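Understanding the architecture of this molecule
Given next are the chains, with one letter for each unit.
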Amino acid sequence: MAKKASPEPSPSLPLKMFITCKTWFSYRYGTFSTEELVNTAAELGLTSLGLTNINSTADMWDFVDFCRIKNIKPIAGAEIRNKDILCYTLLAKNDAGLLEINRFLSQHLQAEQTFPERPDCFLEVFIIYPWGSFAAQNLKKYEFIGVLASELNRLKRQEVEAFPQRYIIRHPVTFQNKTYFNVHRLLRAIGKNTLISKLGEKDFASPDEMFVPEAELMSAFRNYPGLITNTLQLIDSCHIQTELHSDKNKKNYSASKEDDRHLLEKLALEGLAYRYGSNPIAKARVVKELKIINDLNFNAYFLIVWDVIRYAQSRGFYYVGRGSGANSIVAYCLKITDVDPIKLDLYFERFLNPNRTSPPDFDIDFSWKDRDEVIDYVFRRYGKEHVSLLGMYSTFQRRAIIRELGKVFGLPKEEIDQLVRSKDQPMNEDKIQRTILKYGQLLENFPNHLSIHPGGMLISEKPIYQYTVNELPPKGFCTAQIDMFLAEKIGLFKLDILSQRGLGHIKETIALVKRNRGIDIDIHQVEQFMSDPKVAEQIRKADTIGCFYIESPAMRQLLTKLKCDDYLTLVAASSIIRPGVAQSGMMKQYIERFHDPEKIVYLHPKMKELLEETYGVMVYQEDVIKVAHHFAGLDMGEADILRRAMSGKYRSHNRFNEIREKYFANCKKLGHEDSVAAEVWRQMESFGGYSFSKAHSASFAVESYQSLYLKTYFPMEFMVAVINNFGGFYGTEFYFHELKRTGAKVNPPCVNRSEYLTHIQGDEVFVGLIHVQQLEAKLCSLILEEREKNGAYLNLEDFIERTHAGPEQLNILISVGAFGFTGLGKKKLLWKANFAQKHLTSIPDSPALFKEPPMDFTLPDFPDYPLEDALDEINLLGFALSDMFRLCAHDGRGTVMADQLVHLLGKNVEVLGQLVVTKDVRTIHKEHMAFGTFLDPKGDWLDTVHFPPSLKRFPFQGKGFYKIRGKVVEDFGTYAVDVQAMWKVGLKDKKSVSPSASYSNTFV
């Protein structure tokens, strides 16, 4: 008896068949953005949709969210590939299935393992194999064969009829249309680093991987109605129920929520006694904050941060707690931050309030040397099942994508460079160039690859794989495929464990001072540093090179303009230096009002009361809250929502409009004139996007004072620490310059006196072996180990015998001056080294029992030239330790020094300078101009201004010496040269100067 045919599907059946769709998070493959994919599905009337990105679930929760908004059933999955080979597609039956998929992907991606041909580790996951992979009779209940419409003519009916439940429809969706099919092909060529013309058919998707009309898909499978039924049943079996925007973080630090509440209260009150004694105002605020923290279920979060800080303290790590968390007195009492919120009148509501929908924010900075150990502690303390670093993704931007497309189309480098610049310099475009520019625009902002957030960590209550795949980048810590915005949507908030070199400067300086001088420094006595007159003078002079956050030319100029010598002014400077504030004109307005406060006209008496400290200018994010609350009568929670919305961090547009309406209604009730209310609103709105948290600036200023104190009282050790931490605004050579200015005697690397890093003893400094370019790290280690074991090297021959350094490495050491202790010139040493190497026929198994004296030779007198050492240092260290200006081909006649500019205001002068750094900016007319920073021949810092006409005629030409002609200008006490002409000056011939000549003498 013949089987009864399955009924034809109803023509009105809602379209559900697209269960294998991709977005641009199938990196260098898919072309839909997540939202565009869902919106397109909604426009087509789809009632369900599946997302299966290649080896990724990076945007799954955005997909789920967008689907729910459009009343589309989301189906979660992933497409598994080994390189270009499609293995199978995974679909989660439920949330547990998604966890299984994420864990499966994580295990294989982290171990860089090939995915198995047929996985057997799933309980709540459907597996769909491409047709032709496996015979249907071998499949289990949760395994299926996906059939493409293009494969139907090869599909045998008897196969399907024999195992009718094992076949479903597979119609991938990868791109929008034919144009984006071309985009897909270009992405594949970029991904494979090959020419577009060399792609084979198997290298890219089929051109039909697009949404197709319902009737077309149904018509294609009309002879196999069972496949349609199976597909619908499969879809009906999949459900994702996880609620978004709800707390997914670790629920408790201790045994229960109530235990957490008691522990946090105990720790806060103990810290209150330490910080404030019996201050009733401080206690009232602690009690208030604890209630809000408990009501919002953030006790565990505070305790986890406290736990991290406690671990860091136990290991002797220096740290700075900053971000809006420094607005909290509880954080201050827990020693998470050293910023006193009462002293600075900081609002807790800026950090946490009952109306805040997003989590609180702590940024904890550690030394770059300590940060990884802190991260490792968090992983070990809270478990790798529940912890990951936060991911982010880099995107294609115009310049990079044009370069990539240029390579894909086979253009020569010169033409690609010209095309990159074509935005500002129009060119004669041919067809290929037009194609590149067209598709370059389409590709802008496409995600390119997964990256690592600078410091965010996630700690979840459920296994972290419930929400994300974890990869293992070269850094060595598991990193989520989701970014901070998606994490927030899920309900996971980040703890920022950051690194910075400034803390390394402080930590190493303290150790160097202890070793070199026997002095113990309590770096936490910040209040004393703030009242120290010598430190105040150091700031006033802007002598801040090497000091955290306040060493750049722009910051040093700002300190001078503000005559800064106190904490509050430094806090303000740390905020208004930010690019947004400076570009908006508020920095200039602040400086002008600082110098002439009598001319300030306040919009309203209340504004004077609120902003008198900052001369009527909104400097901090807290100022927006303050004005909204006290001037317009919004409560503190609403004021913070307003602040967040103005800075672009709040996504509820309706809530923002409600608060805006309430602001103006309140102003009318309070009797404010409409024009005044509108102007205050305009100022808040224009400022909001640029603002900086006062607590953030205060944290920076505390660390700046710590650096300043060390630079003031221990300048040699401080500069050595800066050099050894390889971080700061300037290049290493300029920190060595500053070190010499402290009076330190700086010696070239020495095999007997140098360590791997730069070493100080008394006032004598030996450059570290790490600075010798092309010197192998293995030989560095051997030199130090052998010296530690068997004592100093006696001579060149002894060194060769004990280290067996090769000829090339030996020549480097001799040329850089590492054998200066022998008293022999470099040329003689090179001759002797060459002789010794030729006669060292074998490497002895053990050191000689008795030392034989080296063979003595009568060598000719080799001529020594005065500039040879400096040139050797430039070649091998990247900079000269001696006076650089001895190398300058210009003799300096007719030029003036930086310290003379104050007496030459408005005069035309010529100066000679060594270029330190430049800063490019655009004028309001979008023209290029620049600021320059130079060293003059006396070693003083010199600033220059290069307006567009001058910069166009006399551009910078890289590192080196420049002769500059221009007019001396002044701006609130800072002097600079407005450049009219500039020429690069070459180097002298090495034979051209007498050995005793000092360049600076030519100016005496």
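In this text the structure is predicted, and so the values were computed from the model without any measurement. (Residues numbered from 1 in each chain as written. Predicted model: local features only at pLDDT ≥ 70, side-chain atom pairs only at ≥ 80, totals over all residues. Heavy atoms only, no water.)

**A word on the overall build of the protein chain**
Here is the rule we go by: Under the DSSP-based scheme used, a helix requires at least four consecutive residues in state H or I and a strand at least two consecutive residues in state E, with every element numbered from the N terminus. The cut-offs for exposure are 20% and 50% of the maximum accessible area for each residue type, with area from a 1.4 Å probe on protein chains only; residues under the lower value are buried, those over the upper are exposed, and the others partly exposed. The contact criterion used throughout is that any non-hydrogen atoms of two residues lie within 4.5 Å. Computed with the Shrake-Rupley method and a 1.4 Å probe, the accessible areas treat only the protein chains shown as cover for residues.
In terms of regular secondary structure, the protein chain is built from 37 helices and 21 strands. Over its C-alpha atoms, taken along the principal directions, the protein chain stretches across nearly 115 × 90 × 65 Å. Of all 1004 residues assigned to the protein chain, the portion counted as buried reaches 54%. Relative to all contacts within the protein chain whose residues are 6 or more apart in sequence, the contacts with residues 24 or more apart total 70%. Taken as a whole, the protein chain presents about 45700 Å² of accessible surface, with 51% of it coming from carbon and sulfur.

**A few points about helix α1 (residues 34-43)**
Side chains that are three or four residues apart share a direction in an α-helix, a result of its 3.6 residues per turn. Put simply, the test is: As used here, the arc belongs to the directions running from the helix axis to the C-beta atoms.
Turning to α1, its buried residues are T34, L37, V38, T40 and A41. For α1, the buried positions fall inside an angular range of 160° around the axis, keeping them on one side. Contacts from the buried residues of α1 go to β1 (48-54) and α2 (60-69).

**Description of the sheet that holds strand β14 (residues 745-747)**
Hydrogen bonds along the backbone pair up the strands of a sheet, which may run parallel or antiparallel. Operational definition: Strands qualify as paired when DSSP identifies two bridges or more between them. Every angle, taken between N-to-C directions, lies between 0 and 180 degrees, and every axis is a line fitted to C-alpha atoms, over only the stretch in contact when it is a helix.
In spatial order, the strands read β14-β16-β15; together these three strands make up an open sheet with mixed pairing. Only two strands of the sheet have a single partner each, and these edge strands are β14 and β15 (759-761). Strand after strand, the sheet turns through a mean of 20° between neighbouring axes, direction not considered. As paired strands, β15 and strand β16 (residues 764-766) are joined by three bridges and run antiparallel to one another. Among the inter-strand pairings, I760 is bridged to a residue of β16, identified as V765.

**Thoughts on the environment of D260**
When you line up the elements, D260 lands in helix α8 (residues 257-276). The spacing of D260 and G791 is 531 residues in sequence and 57 Å in space, taken between C-alpha atoms. Setting aside its immediate chain neighbours within four residues, D260 contacts K251, N252, Y253, S254, N299, A300 and L303.

**A short note on the side chain of D95**
Threshold: Residues counted as positive are Lys and Arg, residues counted as negative are Asp and Glu, and His and the chain ends are not counted. Criterion for a salt bridge: a side-chain nitrogen of Lys or Arg within 4 Å of a carboxyl oxygen of Asp or Glu. Whenever a nitrogen or oxygen atom comes within 3.5 Å of another N or O atom, the pair is scored as a polar contact, on the condition that within protein one atom can donate a hydrogen and the other can accept it, and that pairs from neighbouring residues in sequence are kept only if both atoms are in side chains.
Topologically, D95 is positioned in helix α3 (residues 95-111). Buried and unpaired, D95 has R68 as its nearest opposite-charge partner, separated by 6.1 Å. Within polar-contact distance, the side chain of D95 engages the backbone nitrogen of Q241 at 3.3 Å. Side chain to side chain, D95 and T242 meet in a polar contact 3.1 Å long. Those residues in contact with D95, other than ones at most four positions away along the chain, are H239, I240, Q241, T242 and Q466.

**Focus: empty space enclosed by the protein**
Quick note on the threshold: Buriedness of a pocket was judged along seven lines, with at least five required to meet protein on both sides within 12 Å; pockets are open sets of points on a 1 Å grid over the protein atoms alone, cavities are sets where a 1.4 Å probe fits but cannot get out, and lining residues have an atom within 4 Å of a point. Grid points are joined across faces, edges and corners, and a volume is the space filled by probe spheres set on the points. Following the grouping adopted for this structure description, the nonpolar residues are Ala, Val, Leu, Ile, Met, Phe, Trp, Tyr, Cys and Pro, the charged ones are Asp, Glu, Lys and Arg, and the polar ones are all others, Gly among them.
Inspection of every chain in the model, using the stated rule, returns one cavity of 30 Å³ or more. What lines the largest cavity is a set of 13 residues, among which Y319, V320, D338, V702 and Q706 lie closest to the centre. Elements with a minimum of two residues in the lining of the largest cavity: β7 (319-322), α17 (501-517) and α29 (694-713). When its residues are assigned to classes, the lining of the largest cavity shows seven nonpolar, five polar and one charged.

**Some points on helix α36 (residues 868-877)**
Inspection of α36 places E868, A870, E873, L876 and L877 among the buried residues, and these make up the whole buried set. Residue G878 follows α36 closely and has a positive phi angle near 95°.

**Considerations on the pattern of salt bridges**
Here the structure, examined in full by the defined rule, presents 59 salt bridges. Across the salt bridge formed by D363 and R322, the nearest N and O atoms sit 3.8 Å from each other. On the criterion of sequence distance, the pair formed by D363 in strand β8 (residues 363-367) and R322 in strand β7 is long-range, its members being 41 residues apart. No difference in accessibility class separates D363 from R322, as the two residues are buried. By sharing partners, the salt bridges in this structure join D543, K711, E738, R741 and D940 into a single network.

**A closer look at the sheet that holds strand β18 (residues 928-935)**
The strand order around the closed barrel built from five strands is β17-β18-β19-β21-β20, with neighbouring strands paired in mixed fashion. Across the sheet, the mean angle separating the axes of adjacent strands is 50° when strand polarity is ignored. As paired elements, strand β17 (residues 908-922) and strand β20 (residues 961-971) share seven bridges and run antiparallel to each other. Looking across to β20, one finds that V909 is bridged to G966.

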